[in-house]
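Here are the chains, one letter per residue:
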Amino acid sequence: MQELTELETFVATARLGSFAAAAQQLGISATMVGRRIQNLEDRYGARLLERTTRVHKLTMFGTQFLEQSIRILDELAVLDELSSPAAALKGSLRISAPTTLGVTTLGPAIAEFARAHPALSVELSLSNRRVDLVAEGYDLAIRVGDLPSSTLVSRRIGTYRLICCAAPSWLALHGRPAAPMDLATGGCIVNSNFNPPDVWHFTGAKGEAIAARISGALQLDSDEAQRIIARQGGGIAYLPADLVRPDLQDGSLVQLLEDFGTDSMSIHAIYPSRRLLPKRVVAAIDALAAALSRSDFAISRR
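Residues numbered from 1 in each chain as written. Predicted model: local features only at pLDDT ≥ 70, side-chain atom pairs only at ≥ 80, totals over all residues. Heavy atoms only, no water.

Moving on, we come to unusual backbone geometry. Of the consecutive residues Asn195 and Pro196, the connecting peptide bond is found in the cis state with omega at 0°. The topology assignment puts Pro196 in the loop between β7 (189-191) and β8 (199-203). A positive phi angle is found at Leu257, which is not glycine, with a value near 55°. Relative to the helices and strands, Leu257 is located in the loop between β12 (254-255) and β13 (261-262). (Helix = DSSP H or I, 4+ residues; strand = E, 2+ residues; numbered from the N terminus.)

And the structure:
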């Protein structure tokens, strides 16, 4: 048990970068953190961390040791779950998700999931930054769009659809675009999260792909900011359907180019490659997939 405690301390230090940060997370003194890591180094005859005044960096051996430590702790957590009642989920669960999807759909779903499993501690971090799951200690990440090649395991849990829309006040002044190519004349709110930001994708009546070049004087990276500006008559926006659905319902925004299919992106659950996946992670993925399947902008698929 002592060595497991030392492994947990080492993993916390490696992820947080200092004895002080690890001590705060673990509820012990920085001196105790240093003593536990020193015990590991003495036991295995190699230095795990390069100590500086403020930051502790992994040695080459420490990097390899960290990977194996995480694997051991994860598999022990799985064994602990196997000894628990079938319905009981316990321990901690850290999830990373994109901001807009997290606020509108995943956040409420995770809150419901946490209420159903009171012995489980759940942390949901919302950011459009693609976190390093292993290095930063996340059990699960939800990502929208194409996935880069990696050693991580993924499961598709839904589809994210976009809507082209504008406020009635903007349309009264500028008129409605009749086709995606009309968006090149200006008035669009450019989304810098897109790649490239000045191309919006649609589908024609015969299923043909349309890459429409758009133009506009304003470029932002926040979906919520674009929504507010569009509601105020600031231009045409291309935003997630779940975000603007209330605005379409109350008439603050009007859907445009209804005869054309809009772009969609896959929603994936991403988790470290493991032979044994903890029940709490599997259950969380299932809960999020179910929440997405209930929404009218996402189609859940395994």
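The alternating pattern of strand β9 (residues 209-213) places Ile210 and Ala212 on a buried face, while none of Ala209, Ala211 and Arg213, on the opposite face, is buried. Note: β8 against β9, five bridges, orientation antiparallel. Bridging from a neighbouring strand, Phe202 pairs with Ile210 of β9. In sequence, β8 turns back onto β9 through a hairpin of five residues, with Gly207 there showing a positive phi of about 85°. (Buried < 20%, exposed > 50% of the residue type's maximum accessible area, 1.4 Å probe, protein only. Pairing = 2+ DSSP bridges.)

Residues lying three or four places apart along an α-helix face the same way, a consequence of the helix completing one turn every 3.6 residues. The terminal C-alpha atoms of helix α10 (residues 279-294), which comprises 16 residues, lie 23 Å apart, in line with the 22 Å expected from a rise of 1.5 Å per residue. Buried within α10 we find Arg280, Val281, Ala284, Ile285, Leu288, Ala289, Ala291 and Leu292. (Expected span 1.5 Å × (residues − 1).)

Next up on the list: the nonpolar core. Counting residues in hydrophobic clusters, the biggest one holds 24 residues, and the most contacted among them are Leu140, Ile142, Ile157 and Leu288. When contributions to this core are tallied by element, the ones reaching two or more residues are β3 (91-97), α5 (99-116), β5 (140-144), β6 (153-166), β14 (264-271) and α10. In this structure, Leu140 is in contact with Arg94, Ile95, Ser96, Leu133, Ala269, Ile270, Tyr271, Ala284, Ile285 and Leu288, ignoring residues within four places of it in sequence. In this structure, Ala166, Phe194, Phe202 and Ile214 belong to the second largest nonpolar core, which totals 18 residues. (Core = buried A, V, L, I, M, F, W, Y, C linked by side-chain atoms within 4.5 Å. Contact = heavy atoms within 4.5 Å.)

Once that is clear, we can look at the side chain of Glu41. With respect to the helices, strands and loops of the structure, Glu41 is situated in helix α3 (residues 30-44). For Glu41, a relative accessible area of 6% gives the class buried. In this view, Glu41 contacts Ala46, Arg47, Leu48, Leu49 and Arg51; residues no more than four positions away in its chain are not counted.

It is worth spelling out the packing of aromatic side chains at this point. Taken as a whole and judged by the stated rule, the model has six aromatic pairs. Between Phe194 and Tyr238 the ring centres are 6.3 Å apart and the planes differ by 85°, which places this aromatic pair in the edge-to-face class. With a gap of 44 residues between them, Phe194 in the loop between β7 and β8 and Tyr238 in strand β11 (residues 237-240) connect regions that are remote in the sequence. We note that Phe194, like Tyr238, is buried. Pairwise contacts between aromatic rings join Phe10, Tyr44, Phe61 and Phe65 into one cluster. (Phe/Tyr/Trp six-rings, centres within 6.5 Å; stacked < 30°, edge-to-face > 60°.)

A covalent bond bridging the sulfur atoms of two cysteines is what the word disulfide describes. Enumeration according to the criterion identifies zero disulfides in this entry. The thiol of Cys164 is unpaired, and the distance to the nearest cysteine sulfur, on Cys165, comes to 6.7 Å. Classification of Cys164 as buried rests on a relative accessible area of 0%. (Disulfide = S-S within 2.5 Å.)

Predicted confidence across the protein gives a mean pLDDT of 84, with 89% of residues reaching 70 or more. When the criterion is pLDDT under 50, residues 297-302 qualifies, and its contacts beyond four places in sequence or with other chains add up to 25 contacts. (pLDDT = per-residue confidence, 0-100.)

Below, the discussion takes up the environment of Val122. One can find Val122 in strand β4 (residues 120-126). Apart from residues lying up to four places away in sequence, Val122 is in contact with Leu93, Ile95, Ile110 and Ala114.

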